[in-house]
Amino acid sequence: MQDTARPTAHLVLGGARSGKSRHAEALVRAMPGPWIYVATAEARDDEMAERIARHRQERGPQWHTVEAPRALAEAIETAPEGAPVLVDCLTLWLTNVMLADEDVEAACRQLVETVASRRRPLVLVANEVGFGIVPDNALARRFRDHAGLLNQRLAAVVDEVILMVAGLPLTVKGPTQ
Ligand SMILES: Nc1nc2c(ncn2[C@@H]2O[C@H](COP(=O)(O)OP(=O)(O)OP(=O)(O)O)[C@@H](O)[C@H]2O)c(=O)[nH]1
């Protein structure tokens, strides 16, 4: 049963180029603006910098962009109350947290608590990374496990979970489920 007093939250999962960012943006655009875009990517090379510049241009002026490569819970909590927030994406955030050698469990717990006690609508984008073969190095296996577990924990506290497959949304948890 959906808690009607609490703003809605959606988790959009998918592989690379599955259409998850586009779908997540459409969910936010269907809500009254202005909209907050919380970006977790860092422009580490020219290709990424170009991609980010293109995304910013395509989003347009109704979006307010917040860069949060690591302090994600804080970015969500300090967004204006009621303003819809899009986070793209949690998997890069997890990568950044792990590479910075932070306490991953504490960071994930803080994020899940922030999402569970939300005061504004949230649309969260994450990769579903566990479909492939078992990675042959320990760091990649640890990353895959943290990413899968974070998705599960977030799925438990959001209203809707969508899996993007070849650009098509598959609802795996809906408001009535
Ligand atoms: N730092 C920063 N990153 C941004 C900004 N806008 C978009 N991004 C990043 O761009 C990435 C999403 O774009 P893509 O890499 O093209 O999409 P994708 O997730 O590979 O593919 P889809 O599954 O189709 O969405 C996310 O990681 C965002 O964090 C921005 O203004 N600043």
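All figures in this text were calculated on a predicted structure; none of them were measured in a lab.

A closer look at the packing of helix α5 (residues 104–116) against helix α6 (residues 138–157)
Next, step 1: It is at 9 Å that the axes of α5 and α6 come closest, and there the two elements cross at 20°. Relative to α6, α5 is oriented roughly parallel. For α5 against α6, the interelement crossing comes out right-handed. On α6, the residues that touch Val-104, Glu-105, Cys-108, Arg-109, Leu-111, Val-112, Val-115 and Ala-116 of α5 are His-146, Leu-150, Arg-153, Leu-154 and Val-157.
Next, step 2: Here the contact of α5 with α6 is built from residues that sort into 9 nonpolar, 1 polar and 3 charged.

Details of the sheet that holds strand β5 (residues 122–127)
Next, step 1: A sheet is described by the order of its strands in space; here 7 strands give the open sequence β3-β2-β4-β5-β1-β6-β7, paired in mixed fashion. The two strands at the open ends of the sheet, each matched to only one other strand, are β3 (63–67) and β7 (168–173). Between one strand axis and the next, the sheet turns through 20° on average, direction left out of account.
Next, step 2: One ladder, built from 4 bridges, connects strand β4 (residues 85–88) with β5; its direction is parallel. Counterpart to Val-87 in the pairing with β5 is Leu-124.
Next, step 3: The strands touched by helix α4 (residues 90–99) within the sheet are β1 (9–14), β4 and β5, with β5 carrying the most contacts at an inclination of about 65°.

Details of the site of the ligand
Next, step 1: For the ligand, the set of nearby residues contains 20 residues, the closest of which are Arg-17, Ser-21, His-55, Glu-67 and Asp-88.
Next, step 2: One of the backbone nitrogen or oxygen atoms of Gly-19 is found 3.1 Å away from an oxygen atom of the ligand.
Next, step 3: Take Arg-51: an N or O atom from its side chain is 2.8 Å from an oxygen atom of the ligand.
Next, step 4: Burial of the ligand by the surrounding chains reaches 90%, relative to a free accessible area of 660 Å².
Next, step 5: When atom positions are compared with the pocket grids, the ligand is found to occupy the largest pocket.
Next, step 6: Breaking the shell around the ligand down by element, the ones donating at least two residues are α1 (20–29), β2 (35–39), α2 (46–59) and β3.
Next, step 7: For the shell around the ligand, the element with the highest residue contribution is α2, accounting for 5 residues.
Next, step 8: Tallied by class, the residues present in the shell around the ligand amount to 6 nonpolar, 7 polar and 7 charged.

Reading the values: the criteria
- Per chain, residue numbering runs from 1 following the sequence as it is written.
- Local features are withheld for residues below a pLDDT of 70 in this predicted model, meaning they are given only at 70 or higher, and side-chain atom pairs are given and counted only at 80 or more; totals for whole chains, interfaces and linings count all residues.
- As a convention, hydrogens and water are excluded, and side-chain values are obtained from all of the structure's heavy atoms.
- Only the stretch in contact is used when a helix axis is fitted, and all axes are lines through C-alpha atoms; the angle between N-to-C directions ranges over 0 to 180 degrees.
- Numbering of helices and strands starts at the N terminus; helices are DSSP runs of H or I of at least 4 residues and strands are runs of E of at least 2.
- Here the word oblique covers every angle except those under 35 degrees (roughly parallel), over 145 (roughly antiparallel) and from 65 to 115 (roughly perpendicular).
- Handedness of a helix crossing follows the sense of rotation of the near helix relative to the far helix, less than a right angle counterclockwise being left-handed and clockwise being right-handed.
- Residue contacts are counted whenever heavy atoms from the two residues lie within 4.5 Å of one another.
- For this classification, the nonpolar set comprises Ala, Val, Leu, Ile, Met, Phe, Trp, Tyr, Cys and Pro, the charged set comprises Asp, Glu, Lys and Arg, and every other residue, Gly included, is treated as polar.
- We treat two strands as partners when DSSP finds at least two bridges between them.
- By convention in these notes, a residue is near a molecule or strand provided one of its non-hydrogen atoms lies within 4 Å of it.
- Within 3.5 Å is the distance limit for a polar contact, defined as a pair of N or O atoms, with the added protein rule that one can donate a hydrogen and the other accept it, and that residues adjacent in sequence qualify only through two side-chain atoms.
- Residue burial considers only the protein chains on display, and all accessible areas are found by Shrake-Rupley using a 1.4 Å probe.
- The distinction between a cavity and a pocket rests on a 1 Å grid over the protein atoms alone: a 1.4 Å probe fits inside a cavity but cannot get out, while a pocket stays open yet meets protein on both sides within 12 Å along at least five of seven lines, and a residue with an atom within 4 Å of a point counts as lining.
- Throughout, a molecule is located in a cavity or pocket provided that more than half of its atoms lie within 2 Å of its grid points.

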